[in-house]
Amino acid sequence: MLWCPLSSQAEVEETLKRIQAHKGVIATMVINAEGIPIRTTLDNSTTVHYAGLLHQLTAKARSTVRDIDPQNDLTFLRIRSKKHEIMIAPDKEYLLIVIQNPCE
Amino acid sequence: MAVLQRKSLSGGRLLKYTCVFKQHSEFIYHAVLLSFIGHPEIFPLVFTTKTQEIFNCRVLEDVTEENCFKLIKKEDIIQDLKTRAAISDFHPVKKVVLEYPGEELLVVFDANFQYGQNFYLVASEEAKENLLKPPENTEEKEEEKEEEEEEENGEATLEVHPYKPPVHKPWVSLGSEKEVEEESVKDTAIKYRISRVRRKFGAPITFTDKNASHVKDSYIECTSYQDKAFSIKMLEKNVGIQMVPKVREASTQTKWTYPKNAATQYFPRQLSNEEREESLSSEKLKEFFTSVHLRMEIALQQNEIMNAFFDDWKALAEDESSSGGKPDIYLKAYQSFTDLHYLKDRTISCVCWHPTIYGIIAVSARQRLFYEEQVNLSDKSLLQQSVILFLSFFDPIHPQLMLQCSEDIYCFQFSPSDPNIIVGGCINGQIVLWDISQHEENLQNAKTDADGVKMSAIDMPSLIEVQECSTEPPLVRFCTVSSIQYSHRKPVTDIHWLPDYSEANQTGTTFENKAGVRVQLVTCSPDCSILFWDIPATKLPEQPSSEKVREEEMFDMPLHVPDTLNQLDLCWKPLIKVLHSLKTSHFNISHQPLTLEFTFLASQDGEIVYSDWKMEIETDLAKTVSQKYTIHTESVNSLQRSPFFKDIVLSIGGRNFAIWKEGVTTGPILQSSCSAGRYTAGQWSLTRPGVFFIGRDDGNIDIWDLLKKTYEPSHFQNISKSMITFISPCIASRMFMVITPYCAPLFTIWPMTLWHTNLCIIAWYVFFLQCMTTLQKTKEDMEEQENADYIVFLDLEMVMDLGLVKGQEILFSSDA
């Protein structure tokens, strides 16, 4: 990713670094509303793979929550698998995805 | 079979085949004759005597078998032909002679009638020369080949010669034309064979001619008919069949209703670098992060703290299954201790681990005695100085510290609240107290001073022997020793500190010890008494309660020495004396707060008394409820409380052991069968409930795992040749235990954790509950027992007046 010395970007960078520095974190990704990755720590093909799949899953999860109760909204999605845990924080325009290995 | 010489007419080289005429025993002359009939060069001739005379080739005179060649001039032959014309012998070959190119013709005498006649004419120059000359060569060759001729014939020489590919030659007839001619159909007259019936034999017959063209179609035939004389039924006929696949052409047409995607290929959309950069620097992204990062960090931290989905139950089961196989249950000697100076000819009576400092063991030794003499121990007078040695893991040879005492120590204990206070029971019944606070630092530094050099000026108010050499460990004299008059009469067999939350006073009531410091201890001895002792107050750091002060007055306390403990020499008296009819060898205090209940007492006669007594202030008598059980045949060696369950006690003695539970008055909840050897020591495992170790008199350690087998030990291992006297677990580390054999001056430390800790306490407790439910005595039995107890109690009231000293005595009722 290109490095652009703007302050807001610096904040973003700092936040991402902080998240990445947590124990057990394997990868961090930021995806826009259409599922196109903006920022990632993995290689391109894997990122694209994750982005495509998780974007659809998040949309489905959100639609499920809102279908049950229209006042409700999805705030966080955690997928726990045998090997690691995928955490997705959705928003209106973007999606933050973090993959962590929880086993101590 | 012979291979004969071939001669080519065309003038080619004469091929040299062996021509072994001489030794052909199987030579078939007729075959040869036939093959040479058509030979163009050899003309067999018959020479009459007249001809022989003319040409000087008379047989056996001019021409012999060896000298068979005769050259005759051509002109002579022609002359002869002219002279005698038809009667000349050369007449048949006249043409040959006339055509002969050379001057002389060779005539060979054919003694063996090889060619059919007695002479033959050679018609070509080459052949002539070959016959004349090569006989020399062939003769030589024949001689060479005679040796190897037995098994092979002409082909042998073919192999010797290099292979020459066959050269095209004209056809040379070998006489097969005759046969061919016989077989061939020539344009000759057709022969018919006609037969007539027999009666017409001899009758005239007329033949006529008929032109074929007169017949219709110009065709006349003699049809064939089935010959009746010749009828052979053909039973089997060979028929050939061929199968040919039928090939048929067909065609069909399908209808394609609508086109449908069979496969799709796609690639993901990606943002260009500029777009990405733009997104990254947008405000929306910043807001997004502001709102989202907190949630994310909370979630990440949750995962870091613990794994919420970890299945503890399954993990527990996995531990079990992994240890389900043959476990590695081999006890290995970790460390061996010996001391030649102080432990020589002695046996170790008691071993204690230092409660706080890792690696320090205290050992007390006593005179080695035979089993029978142990009972009458108090009669012996011991002259040798007896000590308690402190040994360290890191220096197994040199003792770190020595505690001196006047008598052999039978058992001793560290004070749990202050590990620097050690109290020991002597063989003659006295109680001794040591204080090693000055040496605590040295003990803790024992690791670093591995050489064992412990030079330190010990500032103890009591008498300390000065060290003479550097290898001598520091000697600590006892602080206090109890008065002989008021101590036990027999060796102190067991000594315990009271739990720090309860305390007894003179009247026997128990009250809570607010100081939190262990100040009281209880001793028992086979002289049927149990004594409560109080640690002299000045030694203790805090003395808040008023009752304490009152107790102090009991003791004679000289004033002039600040540290008054040593002045209490021989003045230390017990607080309470309890008479019992049991020759107690071991006891075990229950851990229930605020009440002092001796629950288990074990005697030298093998009896276990479970007493649940409550002391009452007013009456001298105590209402006692006690049960006595005789399970063991010999004296009880050890009485151990389980470290996991506070109400389970293991008693080991004689040839069996028993497990008791507080509150169960019907007997032991588990009793082992008699074993072959005697059990001499025992200890619960500190890490695994349900596992205990029993030492035997043959030096074996039996490891019992009650969850696996209750009828026999799970494992046993031989430790030493002599009887095991003591097993002591290390509470500080829970890792080791000390096993002391009887005869050896050394004792060894064994690692105790054999398996990983198996926390199946629930299963263990269930097991115990099951044991209890199986021991159901009838109601009548229990009543009987109670009645018997009451009767005995009444009898023993009278004993109260005997031998009482200061302090209150509580009678126990017990009955044999």
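Because the structure is predicted, anything quoted here is derived from the model rather than measured. Along each chain, the written sequence defines residue order, and numbers are assigned to residues from 1. Lettering for chains starts from A, numbering for ligands starts from 1, and both go in the order in which the items are written. Totals for whole chains, interfaces and linings use all residues, but because this is a predicted model, local features are given only for residues with pLDDT of at least 70 and pairs of side-chain atoms are given and counted only at 80 or more. Hydrogens and water molecules were not included; the side-chain quantities draw on all heavy atoms of the structure.

Remarks on the overall build of chain A
To keep things clear, this is the line we draw: Only DSSP runs of H or I covering at least 4 residues are called helices, and only runs of E covering at least 2 are called strands; the numbering of each starts at the N terminus. For the exposure calls, accessible area comes from a 1.4 Å probe over protein chains only, and a residue counts as buried if that area is under 20% of its type's maximum, exposed if over 50%, partly exposed in between. Any two residues having at least one pair of non-hydrogen atoms within 4.5 Å are treated as being in contact. Exposure was quantified through the Shrake-Rupley algorithm and a 1.4 Å probe, taking into account, for residues, occlusion by the shown protein chains and nothing else.
Regarding its fold elements, chain A presents two helices and five strands. Listing the helices and strands of chain A from first to last along the sequence gives α-β-β-α-β-β-β. Burial analysis of chain A (104 residues in total) assigns 42% to the buried set. Restricting the contact set of chain A to residue pairs at least 6 apart, pairs at least 24 apart contribute 38%. When the accessible surface of chain A is split by element, carbon and sulfur atoms take 56% of a total near 5,700 Å².

Section: the overall build of chain B
In terms of regular secondary structure, chain B is built from 16 helices and 36 strands. Among the 816 residues that make up chain B, the fraction classed as buried is 44%. Contacts spanning at least 24 positions in sequence make up 59% of the contacts within chain B whose residues lie at least 6 apart. A total of about 47,800 Å² of accessible surface is found on chain B, and carbon and sulfur atoms cover 54% of it.

A look at the packing of helix H1 (residues 7-20) of chain A against helix H10 (residues 283-305) of chain B
Relative placement of two packed helices is described by the angle separating their axes and the distance separating the axes. Using the following cut-off: Here an angle of 0 to 180 degrees is reported between the N-to-C directions of two axes, which are lines fitted to C-alpha atoms, with helices fitted over the stretch in contact. Oblique is the label for any angle not under 35 degrees, not over 145, and not in the 65 to 115 range, which are roughly parallel, roughly antiparallel and roughly perpendicular in turn. For any helix crossing, the convention is left-handed if the near helix is rotated counterclockwise from the far helix by under a right angle, and right-handed if that rotation is clockwise. Three residue categories are used. Nonpolar comprises Ala, Val, Leu, Ile, Met, Phe, Trp, Tyr, Cys and Pro, charged comprises Asp, Glu, Lys and Arg, and polar comprises the others, including Gly.
Running from N to C, H1(A) and H10(B) cross one another at 15 degrees; their axes reach a closest spacing of 10 Å. Relative to H10(B), H1(A) is oriented roughly parallel. Note that H1(A) runs across H10(B); the crossing there is left-handed. Contact residues: H1(A) offers A:Ser8, A:Glu11, A:Val12, A:Thr15, A:Leu16, A:Arg18 and A:Ile19, while H10(B) offers B:Leu285, B:Lys286, B:Phe289, B:His293, B:Met296, B:Glu297 and B:Leu300. For the contact of H1(A) with H10(B), a count of residues per class yields seven nonpolar, three polar and four charged.

Some details on the sheet that holds strand S13 (residues 475-476) of chain B
Residues and elements named next belong to chain B. Applicable threshold: At least two bridges found by DSSP between two strands is the condition for calling them paired.
Read across the open sheet, the five strands follow the order S6-S7-S8-S9-S13; overall the sheet is mixed. Of all the strands in the sheet, just strand S6 (346-353) and S13 have a single pairing partner and so form its edges. Alignment of strand S7 (residues 360-367) against strand S8 (residues 386-392), held across five bridges, turns out to be antiparallel. Residue Ser364 lies in a different strand from S8, and its bridge partner there is Ile388.

Quick notes on a nonpolar patch on the surface
Keep this limit in mind: Patch membership needs two things, relative accessible area over 30% and no salt bridge, and members are linked within 9 Å if like-charged or within 5 Å if nonpolar (Val, Leu, Ile, Met, Phe, Trp, Tyr). We define a salt bridge as a contact between a side-chain nitrogen of Lys or Arg and a carboxyl oxygen of Asp or Glu at a distance within 4 Å.
On the surface, a nonpolar cluster with roughly 690 Å² of combined accessible area is contributed by B:Ile190, B:Tyr192, B:Ile194, B:Ile205 and B:Phe207. The topology assignment puts B:Ile194 in the loop between helix H8 (177-183) and helix H9 (273-280).

A look at the interface of chain A and chain B
Quick reminder of the rule: Throughout, the accessible surface (probe 1.4 Å) given up by two parts as they are put together, summed over both, is called the buried area.
With 42 residues of chain A at the contact, the number on the chain B side is 31 residues. Summing both partners gives a buried area of about 3,500 Å² for chain A against chain B, and 63% of it is carried by carbon and sulfur. The interface formed by chain A and chain B includes three salt bridges. Where A:Glu11 meets B:Lys286, a salt bridge forms, and the shortest distance between an N and an O atom there is 3.9 Å. Listing elements by their share of the side of chain A that touches chain B, those giving two or more residues are H1, strand S1 (25-32), strand S2 (37-40), helix H2 (44-68), strand S3 (77-80), strand S4 (85-90) and strand S5 (94-100) of chain A. The biggest single contributor to the side of chain A that touches chain B is H1(A), with eight residues.

Structural notes on helix H3 (residues 74-84) of chain B
Residues and elements named next belong to chain B. The condition is simple: This arc describes the spread of directions from the helix axis toward the C-beta atoms.
Those residues of H3 that sit buried are Lys74, Ile77, Asp80, Leu81 and Arg84. Buried positions in H3, seen along its axis, are confined to an arc of 120 degrees and lie on one side of it. Away from the buried face of H3 by more than 90 degrees, exposed residues Glu75, Gln79, Lys82 and Thr83 are located. The inward-facing, buried residues of H3 abut helix H2 (49-55), strand S2 (69-73), helix H4 (94-99) and strand S3 (104-109). Remark: Ala85 follows H3 within two positions and exhibits a positive phi of approximately 45 degrees.

Looking at the confidence of the model for chain B
Residue and element names in this part refer to chain B. Keep this limit in mind: For every residue, the pLDDT score states the predictor's confidence, bounded by 0 at the bottom and 100 at the top.
The predicted model of chain B averages 68 in pLDDT, with 61% of residues at 70 or higher. The least confident element of chain B is helix H14 (residues 546-552), whose mean pLDDT is 37; the most confident is H10, at 89. Counted against residues more than four places away or in other chains, residues 1-35, with its pLDDT under 50, gives 43 contacts. Interface confidence in the predicted complex, given as ipTM, is 0.85; pTM for the same model is 0.44.

Here we look at H10(B)
What counts, and what does not: Every helix has an expected span of 1.5 Å times one less than the residues it contains. Bend, at a single residue, is the angle you get between axes fitted to the 7 residues ending at that residue and the 7 residues starting at it.
Over its 23 residues, H10(B) runs 33 Å from end to end, which matches the ideal 33 Å to within 8%, given 1.5 Å per residue. Of all the bends found along H10(B), the most pronounced is centred on B:Val292 and spans about 35 degrees. Of all the residues in H10(B), the buried ones are B:Leu285, B:Phe288, B:Phe289, B:Val292, B:His293, B:Met296, B:Glu297, B:Ala299, B:Leu300 and B:Asn303. Where the residues of H10(B) are buried, they touch H1, S1, S3, S4 and S5 of chain A together with H9 of chain B.

A word on the packing of aromatic side chains
Residues and elements named next belong to chain B. We apply this condition: Aromatic pairing here means that ring centres of Phe, Tyr or Trp (its six-membered ring) are within 6.5 Å. Orientation follows from the plane angle: under 30 degrees is stacked, over 60 is edge-to-face, and everything else is tilted.
In the structure shown here, the tally under the stated rule is nine aromatic pairs over all chains. Here Phe657 and Trp704 contribute two aromatic rings whose centre-to-centre distance is 4.7 Å and whose plane-to-plane angle is 80 degrees, an arrangement assigned as edge-to-face. On the criterion of sequence distance, the pair formed by Phe657 in strand S27 (residues 656-661) and Trp704 in strand S31 (residues 700-705) is long-range, its members being 47 residues apart. Of the two residues, Phe657 and Trp704, both sit in the buried class. Here Phe692 and Trp704 contribute two aromatic rings whose centre-to-centre distance is 6.2 Å and whose plane-to-plane angle is 5 degrees, an arrangement assigned as stacked.

A short note on the side chain of B:Ser279
Checked against the element boundaries, B:Ser279 lands in helix H9. For B:Ser279, the residues in contact, after removing those within four places along its chain, are A:Ile38, A:Tyr94 and B:Leu285.

Some words on the nonpolar core
Residues and elements named next belong to chain B. Basically, it comes down to this: The criterion is simple. A nonpolar core is a set of buried Ala, Val, Leu, Ile, Met, Phe, Trp, Tyr and Cys residues joined through side-chain atoms within 4.5 Å.
Within the largest apolar cluster, 34 residues are counted, with the highest numbers of intra-cluster contacts made by Phe390, Leu403, Phe412 and Trp434. Discounting chain neighbours no more than four positions away, the residues touching Leu403 are Ser386, Val387, Ile388, Phe390, Ile422, Trp434, Ile436 and Val476. Formed by 26 residues, the second largest nonpolar core is a distinct cluster that contains Phe47, Val63, Leu81 and Phe109.

Digging into the sheet that holds S31(B)
Residues and elements named next belong to chain B. Taken together, four strands build an open sheet; the order of strands is S29-S30-S31-S32 and the sheet is antiparallel. Of all strands in the sheet, those bounded by a partner on one side alone are strand S29 (679-684) and strand S32 (715-718). Within this sheet the neighbouring strands show an average axis-to-axis angle of 20 degrees, counted without direction.

Some details on a negative patch on the surface
Short version of the rule: Note that His is not counted, nor are the chain ends; the positive residues are Lys and Arg, and the negative ones are Asp and Glu. In plain terms, the charge of a residue is placed at NZ if it is Lys, CZ if Arg, CG if Asp and CD if Glu.
Judged by side-chain charge, B:Glu177, B:Glu179, B:Glu181, B:Glu182 and B:Glu183 come together as a negatively charged surface patch. Position of B:Glu177 relative to the elements: it lies in helix H8.

Points about the pairing of S31(B)
Residues and elements named next belong to chain B. In terms of residue burial, S31 counts as a mostly covered element, since six of its six residues are buried. Where strand S30 (residues 691-696) meets S31, five bridges bridge the pair, whose relative direction is antiparallel. Bridging from a neighbouring strand, Ile694 pairs with Asp702 of S31. Hairpin connection between S30 and S31: a loop of three residues separates the two successive antiparallel strands, and Gly699 in this loop has a positive phi of roughly 85 degrees. Here four bridges tie S31 to S32, and the two strands are oriented antiparallel to one another. Along S32, the bridge assignment pairs Ile701 with Gln717.

Structural notes on the pattern of salt bridges
Residues and elements named next belong to chain B. Counted according to the given criterion, the structure contains 15 salt bridges over all chains. The partner of Lys708 in a salt bridge is Asp705, with the nearest N and O atoms 3.5 Å apart. Judged by relative accessible area, which is 47%, Lys708 ranks as partly exposed. Given a relative accessible area of 2%, Asp705 falls into the buried group.

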